[in-house]
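Residue-level structural notes
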Amino acid sequence: MTEPNEAQKCADLLQAIGEKNRIRIIECLWDGAKNVSELAKLLKIEIVNVSHHLGVLKSARLVQHEKKGRYVLYSLAPEYFNTADSTTNSQLNLGWCKLSIPRN
């Protein structure tokens, strides 16, 4: 049986990705690190909304950030995302469950 702490961690991670724009942000970051402006342009949504969703993903530790000059670059956290075969599939490992995400 799954330990309560492990079940809670998985539930929290699923909740963090359980919004359409967060899923779209994750898809954009599969191809490499991007700043908020780049993501907003790709997704055709306001920068403030991208920043909010990145904050949720960052709090869940699903994305990481690094300051590069004037910009902050966001990328997928390697401890959760396996992109070894990134041409066909990516995998999100939540501990209790793994999600296989097909690439277009």
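See the structure shown above.
Quick notes on the rules
Residues numbered from 1 in each chain as written. Predicted model: local features only at pLDDT ≥ 70, side-chain atom pairs only at ≥ 80, totals over all residues. Heavy atoms only, no water. Axes fitted to C-alpha atoms, helices over the stretch in contact; angles between N-to-C directions. Helix = DSSP H or I, 4+ residues; strand = E, 2+ residues; numbered from the N terminus. Parallel < 35°, antiparallel > 145°, perpendicular 65-115°, else oblique. Contact = heavy atoms within 4.5 Å. Expected span 1.5 Å × (residues − 1). Buried < 20%, exposed > 50% of the residue type's maximum accessible area, 1.4 Å probe, protein only. Arc of directions from axis to C-beta. Core = buried A, V, L, I, M, F, W, Y, C linked by side-chain atoms within 4.5 Å.

A word on the packing of helix α2 (residues 20-29) against helix α4 (residues 47-59)
Between α2 and α4, whose axes approach to 10 Å, the crossing angle comes to 80°. Of the possible angle classes, the one that applies to α2 and α4 is roughly perpendicular. Contacts from Asn21, Arg22, Ile25 and Ile26 in α2 reach Val50, His52, His53, Leu54, Val56 and Leu57 in α4.

What about α4?
Across its 13 residues, α4 extends 18 Å between first and last C-alpha, which sits within 8% of the 18 Å expected from 1.5 Å per residue. Inspection of α4 places Val50, His53, Leu54 and Leu57 among the buried residues, and these make up the whole buried set. Seen end-on, α4 carries its buried residues on one side only, within an arc spanning 105°. Relative to its buried face, α4 has exposed residues pointing more than 90 degrees away, namely Val48 and Ser59.

Describing the nonpolar core
With 27 residues, the main nonpolar core has Ile25, Leu62 and Phe81 as its most contacted residues. Those residues in contact with Leu62, other than ones at most four positions away along the chain, are Leu13, Ala16, Ile17, Leu57, Ser75, Leu76, Ala77, Tyr80, Phe81 and Leu92.

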